[in-house]
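Residues per chain, in single letters:
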Amino acid sequence: MGSTVDRCNPADVAAVNSMLASLTRRGPDGRGMAQDDAAILGFTRLALVAPKDGDQPFISADGQVVLMANGEVYNHRELEASIPDIRLRTKSDCEVLLHLYERKGLAFLDDVRGMFALVVHDRRSGRVIFARDRFGIKPIYHAVQDGRLVFASELKALGRSGCVPMRFDWEAALHKRLLTAEPSFDRSTLDSFVTGVHATPAATIEVFDLATATMTAHRYWELPDFAGTGPATDPDLDFVAEYRRLVATSVQECATADADVGLLLSGGLDSAAVAVLAARAGKAVTAFAAVTPGTLLNGDAEAAQRVAEHVGMDLRMVMLPPARHATPAEWLQLLAGTETPFCSAEQWYKNHLYVEARRTNPALKAMLLGQAADEFNGGYTAGFAGDGGWPAFQQALRQMAESTRLLRDGRLRTWGAGTGSYLRSVGRGTAEENYADFVRTKYEDIQQYNNWHEDRMAAMHGVEARVPFLDHRIVELTGAIPAARHAELLWDKAIARLAFRDVLPAGLAERPKISFYRGMGEELVRRQTVAMLGADGGALVERALSSAGGKEHLDPDSVLSALDRAAAGDRSVDIDILLRVVNMGLLDEIVAGGFSDYRLEPLDYPADEPTLATGDVGLARHTIFTELLGGPSVHVETASGIDFAVDEAGLTLVIVDGEIEYAVEPEQGWIVEALRRAVVPTGLGELIDSCGPAPREEVERQIDEMLGAGLLRTVAVAV
């Protein structure tokens with residue numbers, strides 16, 4: 001906390017102590033403070049490196065420069081060796097940043113590799129410097145109020161300072177492309193969602209002059225343009241081998257700590273690769289996986305188990321029953337912890353994994369993630385183009401470029417037609433430029449969404465989230481792939497599949513990218529969210545509508561009608577958007593209260609072990625599925641309003657509420673028979689077994705899709 005007008009006084013010290021108290025979960029291992037007449041800098045520490053000899057703030061030998069850093073500097077040894085005349089006072093990996101600043105000034109981060117958010121108080125020049133790593137993995141916010149510069153790692157600390165007027169920023173939220181799921185390339189700023197509070201962007205150094213209260217900024221790293229038209233790459237470079245080498249190096253660095261390390265193992269390609277590479281590097285890691293109806297039926301749970309067994313890694317598979325939704329009080333606590341309107345069922349599930357991790361191992365202080373690989377290695381291409389390949393993906397991007405231009409220029413919206421336009425060349429033009437724009441939006445999104453919620457989820461439990469795929473050398477490599485090789489290496493993340501094929505269990509490198517919520521999993525998460533919003537007479541919704549900002553910006557009739565329709569089974573209601581609207585109203589109240597009503601001290605973890613899936617989940621998945629849904633008394637049945645007809649071509653038409661929804665080929669007649677049979681409630685396994693001679697995997701997939709589409713539904717029966 002810095003002062004630009006008055007000298008620091010006892011009230012300022014009390015404010016900083018209150019801020020530090022709000023960050024105890026984030027840094028439970030100690031506190032430090034540096035103070036002079038003009039500034040107070042406070043630090044809470046999570047000790048992962050040199051736990052007994054790494055306290056902060058760091059102060060230069062002449063006492064004129066103070067630095068605090070949250071995060072890890074992975075190449076600190078080589079950086080220390082590059083300035084041999086320094087005398088390190090601690091064994092912290094972050095202390096080298098102080099010495100680099102003393103010698104290089106604002107160029108001090110050019111060679112740093114790691115994840116960090118830092119602040120420097122340079123007493124000589126009267127300036128405060130904020131900086132973040134290249135991808136914004138670690139957060140920092142600041143505000144200027146009444147001549148004071150106030151900064152912190154989390155918004156709640158600013159609220160607890162008593163120095164910053166806290167108001168939810170509706171203007172930023174309502175115009176946020178990512179919040180509205182708008183498919184466009186429109187550039188977006190990094191928003192704090194609090195009026196007057198600034199979030200330092202990734203790869204940026206900001207300099208605040210205390211004398212003039214002015215801020216200047218510059219980027220010390222730029223994302224590659226990904227157009228594939230940059231400087232010629234070494235023609236002999238083996239991109240696949242280099243990708244694997246760089247990822248392996250990054251995993252080894254991220255898995256190194258003087259504390260225990262865990263891994264969130266989804267069963268997808270990226271987290272599976274992290275697990276295998278960590279094991280091959282000799283790192284002892286415990287993995288945690290979510291077992292839900294969705295992860296059982298889409299194969300993720302089975303894949304996670306196969307990976308763990310493949311490398312001999314301890315895996316705890318936490319069963320998360322869909323009937324157990326957050327209470328209103330629990331949701332408010334989770335929302336206050338994450339500080340973002342993006343908070344959703346994903347965070348609810350991950351919270352349970354962190355609870356289990358810390359309950360079983362209080363010494364665990366770092367969690368490896370497979371996050372943010374897809375954004376830069378082509379992970380979203382198939383999702384945009386289906387089976388159409390790279391040309392279809394390019395066409396999808398062209399349509400997105402056209403939509404972006406129409407959105408930017410309101411005068412042109414009239415001329416739009418569906419996903420295209422009546423106008424010629426409305427988009428930027430080349431396929432390469434469109435792909436570069438696409439990746440740029442993903443770079444922005446990981447700062448606003450992925451890194452934000454992953455950081456807060458881990459910090460709520462005194463854990464540091466580590467993201468091996470966000471090493472700038474990896475991203476620079478994929479950004480250098482020539483346009484002529486994009487289809488070969490970036491379609492459906494081919495570069496990663498080829499890189500890890502021979503280190504993963506057979507077939508796992510070829511698994512398609514699968515959403516965490518798919519089919520039945522998606523439907524159950526939807527019901528879970530609706531049940532939470534409707535709990536206690538719709539307490540969360542009413543509270544959101546009653547907040548000051550909610551009264552001004554939200555239409556209560558529309559919000560309540562949408563919830564009623566969703567509860568009645570209307571699938572046209574976008575439940576994710578509805579939840580974000582409610583979250584905004586709730587955050588309005590939470591932020592305005594300065595987070596004062598929410599528990600921020602370290603959590604107490606339950607002594608009782610949660611239900612864990614054991615044995616072969618692949619063989620027992622339907623037994624586990626039934627257990628998750630509530631036991632043998634839960635069956636499936638055909639939803640009401642379904643009828644059948646046969647057309648002239650011999651296709652069986654599935655009619656839902658009088659409308660033709662599906663046409664079934666004769667060779668898939670068992671699908672229709674399954675729907676007819678389930679008119680009488682039937683056990684899931686029994687229904688699947690009755691659908692021979694079709695391949696069992698195909699039967700499971702189709703029944704999962706019917707459950708997700710609402711053609712089949714779960715029902716409790718007397719036993």
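Now for a look at the structure at hand.

Definitions and limits used
Residues numbered from 1 in each chain as written. Predicted model: local features only at pLDDT ≥ 70, side-chain atom pairs only at ≥ 80, totals over all residues. Heavy atoms only, no water. Axes fitted to C-alpha atoms, helices over the stretch in contact; angles between N-to-C directions. Helix = DSSP H or I, 4+ residues; strand = E, 2+ residues; numbered from the N terminus. Parallel < 35°, antiparallel > 145°, perpendicular 65-115°, else oblique. Contact = heavy atoms within 4.5 Å. Nonpolar A, V, L, I, M, F, W, Y, C, P; charged D, E, K, R; others polar. Salt bridge = Lys/Arg side-chain N within 4 Å of Asp/Glu carboxyl O. Buried < 20%, exposed > 50% of the residue type's maximum accessible area, 1.4 Å probe, protein only. Phe/Tyr/Trp six-rings, centres within 6.5 Å; stacked < 30°, edge-to-face > 60°. Lys NZ or Arg CZ within 6 Å of the ring centre and 35° of its normal. Pairing = 2+ DSSP bridges. Core = buried A, V, L, I, M, F, W, Y, C linked by side-chain atoms within 4.5 Å.

## Looking at the packing of helix H14 (residues 389-408) against helix H15 (residues 431-459)
- Orientation of H14 relative to H15, taken along the N-to-C sense of each, is 75°, at an axis distance of 9 Å. As the angle between them shows, H14 and H15 are arranged roughly perpendicular. Residues Trp390, Phe393, Gln394, Leu397, Arg398 and Ala401 of H14 form the contact with H15, whose participating residues are Ala431, Asn434, Tyr435 and Phe438.
- Its residues assigned to classes, the contact of H14 with H15 comprises seven nonpolar, two polar and one charged.

## What to know about the pattern of salt bridges
- For the structure shown, the criterion picks out 47 salt bridges.
- Note that Glu444 and Arg177 form a salt bridge whose closest N and O atoms lie 3.5 Å from each other. A residue pair is termed long-range when its members are at least 10 positions apart, and Glu444 in helix H15 and Arg177 in the loop between helix H5 (170-174) and strand E10 (198-199) qualify at 267 residues.
- Residue classification places Arg177 among the buried residues on the basis of a relative accessible area of 8%.

## Brief notes about the packing of aromatic side chains
- Considering all chains together, one arrives at 21 aromatic pairs under this definition.
- With a centroid separation of 5.4 Å and an interplanar angle of 70°, the aromatic rings of Phe130 and Phe151 are classed as edge-to-face. Placement of the pair is Phe130 in strand E7 (residues 127-132) and Phe151 in strand E9 (residues 148-152), with a sequence separation of 21 residues. Both residues of the pair, Phe130 and Phe151, count as buried.
- An aromatic cluster of at least three residues, connected via ring pairs, comprises Phe135, Trp221, Phe226, Phe376, Phe384, Trp390, Phe393, Tyr435, Phe438 and Tyr443.
- In this structure, Lys442 is placed above the aromatic ring of Tyr380, and the distance from its NZ or CZ to the ring centre is 4.2 Å.

## Structural notes on the pairing of strand E23 (residues 659-664)
- Alignment of strand E22 (residues 652-656) against E23, held across five bridges, turns out to be antiparallel. Across the sheet, the residue bridging to Leu653 is Ala663, located in E23.
- Where E22 folds back on E23, the antiparallel hairpin that results is connected by two residues, among which Asp657 adopts a positive phi of roughly 50°.

## So, the sheet that holds strand E13 (residues 260-264)
- With respect to topology, five strands assemble into an open sheet ordered E15-E14-E13-E16-E19, the strand pairing being parallel. Across the chains shown, the open sheet's two edge strands, defined by having one partner strand only, are strand E15 (314-319) and strand E19 (464-466). Strand-to-strand twist across the sheet, computed as the mean angle between neighbouring axes with direction ignored, equals 30°.
- Relative to strand E14 (residues 285-291), E13 is paired through four bridges, and the arrangement is parallel. Bridge pairing links Gly262 to Thr286 in E14.

## Some points on the packing of helix H7 (residues 269-280) against helix H9 (residues 300-311)
- Interaxial distance between H7 and H9 falls to 10 Å at its minimum, and their mutual angle equals 10°. By the angle between their directions, the pair H7 and H9 is classed as roughly parallel. For the pair H7 and H9, the contacting residues are Ala272, Ala275, Val276 and Ala279 in the first and Val307, His310 and Val311 in the second.
- Per-class residue counts for the contact of H7 with H9 are six nonpolar, one polar and no charged.

## Here we look at the nonpolar core
- Leu97, Leu109, Tyr243, Trp331, Phe376, Phe500 and Ile703 are the most contacted members of the largest nonpolar core, which has 214 residues in total.
- Broken down by element, this core gets its largest block of residues, 10 residues, from helix H22 (residues 575-592).
- Aside from chain neighbours lying at most four places away, what touches Phe500 is Tyr243, Arg244, Val247, Leu269, Ala273, Leu277 and Phe469.
- Judged by nonpolar contacts, the second largest core, of 15 residues, contains Val119, Val128, Phe151 and Phe208.

## Focus: unusual backbone geometry
- Cis rather than trans, the peptide bond between Gln56 and Pro57 has omega equal to 5°.
- Relative to the assigned elements, Pro57 resides in the loop between strand E3 (40-44) and strand E4 (58-59).
- Even without a glycine there, the phi angle at Phe193 is positive, about 65°.
- Assignment of secondary structure puts Phe193 in the loop between H5 and E10.
- Since its relative accessible area comes to 1%, Phe193 is described here as buried.
- Phi angles above zero are rare outside glycine, and Ala213 is one such case at about 55°.
- In this structure, Ala213 sits in the loop between strand E11 (204-209) and strand E12 (214-219).

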